[in-house]
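This is what each chain is made of:
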Amino acid sequence: MGPRRGAGWVLALLALAHWWAVAMEASHAVYESPRSAPPAATVSSELRTRYHFRPPRNWINDPNGPMYYNGVYHLFYQYNPNGSVWGHIIWAHSVSTDLINWEALEPAIYPTIPSDINGCWSGSATILPGNRPVIMYTGIDSQNRQVQNVAYPKNLSDPYLREWVKPEYNPVIAPGSGMDASAFRDPTTAWLGGGGHWKLVVGSKWNKKGEAILYRSRDFVRWIKAKHSLHAARDTGMWECPDFYPVALRGQRGLDTSAAGGSDVKHILKVSLALTRYEYYTIGTYDHVKDKYVPDGTSPDDHTGLRYDYGNFYASKTFFDPKKNRRILWGWANESDTVDDDGAKGWAGIQAIPRTIWLSRNGRQLMQWPIEELESLRSKHIVVQNTQVPRGGFLEVQGIDSSQVDVEVTFEVTGLEKAEAFDPSWTTNAEALCGQKRANVRGGAGPFGLHVLASANMEERTSVFFRIFKAQTKYKFLMCHDPTRSTLRPNMYKPTFASFVDVDIPESGKISLRSLIDHSVVESFGVGGTTCITSRVYPSTAIGRNAHLFVFNNGLANVKVSKLKAWEMKRPFMNGA
Ligand code: DQQ
């Protein structure tokens, strides 16, 4: 009995270890429901976002397969139909005609076949010739391997493409021998290259090297692995949710993913790092013949590289919108309260506001701006103009409900000679600098900015601000989110987020900021979308009508509000809840 029992235990442990390895490879905390009775909710239901994309209930993560098809925008997303923690993952599906009001449909893809029976993970949509959409996604197969499957709409004349069918020949891509079947996922939108080949990449790693494995196909059925990967980078770990697309060298026009390259086109490769839970992208050149992507080398090709967003933003994905000739970015803004709270709230995860994305004029980075449709939600507003913010003081912006607003402000800073000296050791660690020099730490030029979701006495507040330093030959310009005082609740995760803004301070001293505030999320766009930061916060008193908005200046330089406009935001139709 002893030995047998022992063997049983060993097998059980092995199975558990295997399950754990597979689960961990998804880099989400995994809880098999039902868990013990959830604790009483400590997060007010008033903190649910109103104009950010979310389902009526439960857990969501990565945006999947965004596309525009026959007049309708589709957003699929990773969803747990059974609870508000990660698990039992399927593709939920919503549709919209304006990217603002969303209608939830029945789930589109869920485990039904051996090659996805243990989960339907992230993937992308491609529109094939003849206007036929296809989805390629990662299935967790009966052996817990990550494989790639395709699904097609059952009925192309259904305007919402409600039902999706999986051909019998799935999976179309399986990990070859010697490949790591637990690190092989998240296929990109395919692009059509010369010679009639479809190409796409699958995220992976080899030891510690992150890798975008390239596949080619003539018919979207038989896929052949290319001899070399599209790109790889040492010590970056697993590359989740890669995204690869062309951008115009000049202007804000978006390009179709298959757009032929030329001297007026650059390519972007974005990866989501399972190791750090941050993303980074490089700008580079793609050789369509050799199928090789070479980053320009203007930014690091590792976790210290350029990010779309320096805050809570992960597993993002872009798509080309032919209706308005733009490229739109979706990204998941996960919760930052506790898992127990997520269980008790019954909801977890939102998508950040979709953003139009284009290359900056100097070609050094991407620019982002909330899609113009968002402005249709703007209602009652107030304006503040030409108003000095007292040094070491603040102004309250009154007259609107500040828990659900869109704020645009232009500051005018004079007295830059008061800027503190820049220590070069700060160059690579903006986040630590912001953690050290928080909003309450007096400075020279700045900190100045907004206290949002603040209580009347500012005991609770999330600060969105700038600080300017004087380096050897130029000014260094830091943008921060400081949620360390966002709530009176103890033991909350309240990370400061920051980045240097890659612009020269204009002669005029004018610096702009836009913040989208929606109860428990703050999404900020510094200097016209040069630097973006998103935070999730959970005030305990600055909730609903008790949330206030302040402008502050905690530095010695003079800061004037040239113009501030704040709009209350209407509540769109959000998946029926
Ligand atoms: N989430 C999915 C994976 C992906 C990860 C699973 C990224 O496909 O790698 O829910 O958040």
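Refer to the structure printed above.
About the cut-offs
- Residues numbered from 1 in each chain as written.
- Predicted model: local features only at pLDDT ≥ 70, side-chain atom pairs only at ≥ 80, totals over all residues.
- Heavy atoms only, no water.
- Salt bridge = Lys/Arg side-chain N within 4 Å of Asp/Glu carboxyl O.
- Helix = DSSP H or I, 4+ residues; strand = E, 2+ residues; numbered from the N terminus.
- Buried < 20%, exposed > 50% of the residue type's maximum accessible area, 1.4 Å probe, protein only.
- Near = heavy atom within 4 Å.
- Polar contact = N/O pair within 3.5 Å; in protein donor to acceptor, adjacent residues only side chain to side chain.
- Areas by Shrake-Rupley, 256 points an atom, 1.4 Å probe, with all protein chains shown as cover.
- Nonpolar A, V, L, I, M, F, W, Y, C, P; charged D, E, K, R; others polar.
- Pairing = 2+ DSSP bridges.
- Axes fitted to C-alpha atoms, helices over the stretch in contact; angles between N-to-C directions.

On to the pattern of salt bridges. By the definition in use, this model includes 32 salt bridges. The salt bridge involving Arg326 is made with Glu373; its shortest N-O contact spans 2.7 Å. Here Arg326, found in strand E20 (residues 326–333), pairs with Glu373, found in the loop between strand E24 (366–370) and strand E25 (378–389); they are 47 residues apart in sequence, far enough to count as distant. In this pair, the class of Arg326 matches that of Glu373, namely buried. A salt bridge links Glu523 to Arg355; the shortest N-O distance between them is 2.9 Å. Residue Glu523 is located in strand E34 (residues 521–526), and its partner Arg355 is located in strand E23 (residues 355–359); the two are separated by 168 residues in the primary sequence. Residue Arg355 is classed as buried on the basis of its relative accessible area, which comes to 0%. One network of salt bridges, with partners in common, ties together Asp321, Lys324, Arg326, Glu372 and Glu373.

This part covers the site of the ligand. Contacts to the ligand come from 12 residues, most closely from Asp62, Gln78, Trp86, Arg185 and Asp186. Within the side chain of Asn61, an N or O atom sits 3.1 Å from an oxygen atom of the ligand. Taking Asp62, its side chain carries an N or O atom lying 2.8 Å from a nitrogen atom of the ligand. Bound to the protein, the ligand loses 100% of the 310 Å² it would expose on its own. Where the shell around the ligand is concerned, the elements lending two or more residues are strand E1 (58–69), strand E5 (120–128) and strand E19 (314–321). A per-class count over the shell around the ligand returns four nonpolar, four polar and four charged.

Attention shifts here to the sheet that holds strand E33 (residues 510–518). The strands making up a sheet associate through backbone hydrogen bonding, with each pair oriented either parallel or antiparallel. The sheet built from six strands is open, its strands ordered E25-E37-E27-E33-E34-E35 with antiparallel pairing. Across the chains shown, the open sheet's two edge strands, defined by having one partner strand only, are E25 and strand E35 (531–536). Going across the sheet, the axis of each strand differs from the next one's by a mean of 15°, ignoring polarity. In the sheet, E25 pairs with strand E37 (residues 558–569) via nine bridges, with the strands oriented antiparallel. Paired with Val389 across the bridge in E37 is Val559.

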